[in-house]
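Residues per chain are reported as follows:
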Amino acid sequence: MTGTNGLPALFDAMPGVRRPDTGPLSQIHAGRIRTLLPRGFGGEWPGPGYIGLNVPRPLRAQALALGAGHDEYQRFFVARSQAVDPKWQPFLPLIARKHFKPLCVDMIPESSFGASLKNLLTEASWNEARRSSYQAAGTVCLCCGEGSGALQCHEVWDFDDRPTDDGWQTQSLKGLLAVCAPCHLMFHPGLANIRGLYEDIQKRVQAINVWSVADYNLHARHANRMHAIRGRVSWRLDFSGFRLPELEIDPKWQQLDDDGTFSRTLQVGRCVTRISGAAYRYNGEPRSPGEVTGMRGSGMIRQPAV
Ligand SMILES: [Zn+2]
């Protein structure tokens, strides 16, 4: 998940997810040019007047030579008044990028709840899988540039909405994004709603995307409609589009078939899923990738209207 200069390809990875290219939604999904740096969200780090930079380890010397500040944890930052200087653009998080593609929320369909990479893997395997995303971010949130607490890893999925004969449709992993906890909630509006933080994430999405309330509502209506539609079909998980280390399936999952089908009883019911497009191990044995993945049952998190 690195761009041509080795930096996180956030602005390639996110637009790589299928978006409407016609109709009113195309306006808010299109690339934009930012003329004002929006305010930060008040995180303790990097503090008022500063914005964090995404500096992967191989580019640290370059960032230092350009005059970036840094702390004892190798987190880099510049004064917000300096951020408009083009030399910082390659290092800036999404909220400060001049040319950018809006970040859009694709909610996980209820028929696919529980079938996340994080849930599927052992803790060690998940840590290995997500390590590159943290390295690419330079331990600073890729969306807002703040980094007071530990970053979290968000799985970016692309949903192929074309119907299939067997009723199983494909959701493909497009990337893993290292983000701060408040930014991570932007991708999970249902959870934000449960926690009473829905207005916070709406403001955050609007600030990052330079969206008006009307823009946001347009996107939310679309996301909510797709969530309802996608919840009616089964989803196979495809990992072929994103390079991952060998996956170790958590033994809490029961293998149902040699074709990569697994099941596990989670908080709200039994999940059945099938892995495709990646080598994996199960109980120490290497296995071939399966063909079709999907899951049926109620979800772990109720996701109400966006
Ligand atoms: Zn953030």
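Structure's up top.
An account of the accompanying structure is given in this report. All figures in this text were calculated on a predicted structure; none of them were measured in a lab. (Residues numbered from 1 in each chain as written. Predicted model: local features only at pLDDT ≥ 70, side-chain atom pairs only at ≥ 80, totals over all residues.)

## Comments concerning the sheet that holds strand β4 (residues 76–79)
Going by this rule: For two strands to be treated as a pair, DSSP must find no fewer than two bridges joining them. In this description a helix means any DSSP run of H or I spanning at least four residues, a strand means any run of E spanning at least two, and both kinds are numbered starting from the N terminus.
With antiparallel pairing, the three strands of this open sheet are ordered in space as β2-β4-β3. Edge positions in the sheet fall to β2 (50–53) and β3 (69–70), since each has one partner strand and no second.

## Overview of the nonpolar core
Short version of the rule: Joining buried Ala, Val, Leu, Ile, Met, Phe, Trp, Tyr and Cys residues through C-beta atoms within 7 Å gives a set, and that set is a nonpolar core. Three exposure classes are used, all based on how many other C-beta atoms lie within 10 Å of a residue's own C-beta (placed from the backbone): buried at 20 or more, exposed at 12 or fewer, and partly exposed between those limits. Any two residues are considered in contact once their C-beta atoms, placed from the backbone, lie within 7 Å.
In this structure, L53, C141, L142, C143, A178 and V179 are the most contacted members of the largest nonpolar core, which totals 58 residues. Per element, the largest residue contribution to this core is five residues, and it comes from strand β7 (residues 168–179). Ignoring anything within four residues of it in the chain, the contact list for A178 reads S133, Y134, A136, A137, L142, L151 and C153.

## Section: the environment of G31
Positionally, G31 belongs in the loop between α2 (25–29) and β1 (32–33). Along the chain, G31 and N209 lie 178 residues apart, while their C-alpha atoms are 9.7 Å from each other.

## Digging into the sheet that holds strand β6 (residues 152–159)
To keep things clear, this is the line we draw: Working convention: axes come from line fits to C-alpha atoms, limited for helices to the stretch in contact. Angles between N-to-C directions cover 0 to 180 degrees.
Ordered by their spatial adjacency, six strands build an open sheet running β6-β7-β8-β12-β11-β10, and the pairing between neighbours is mixed. Pairing within the sheet leaves two strands with one partner each, and these edge strands are β6 and β10 (254–257). Within this sheet the neighbouring strands show an average axis-to-axis angle of 40 degrees, counted without direction. Packed on one face of the sheet, helix α5 (residues 123–137) meets β6 and β7 and runs near 45 degrees to β7.

## Section: unusual backbone geometry
Residue P46 is bonded to the preceding W45 through a cis peptide linkage, with omega at 10 degrees. For N283, which is not a glycine, the phi torsion comes out positive at approximately 50 degrees. Relative to the helices and strands, N283 resides in the loop between β13 (280–282) and β14 (285–287).

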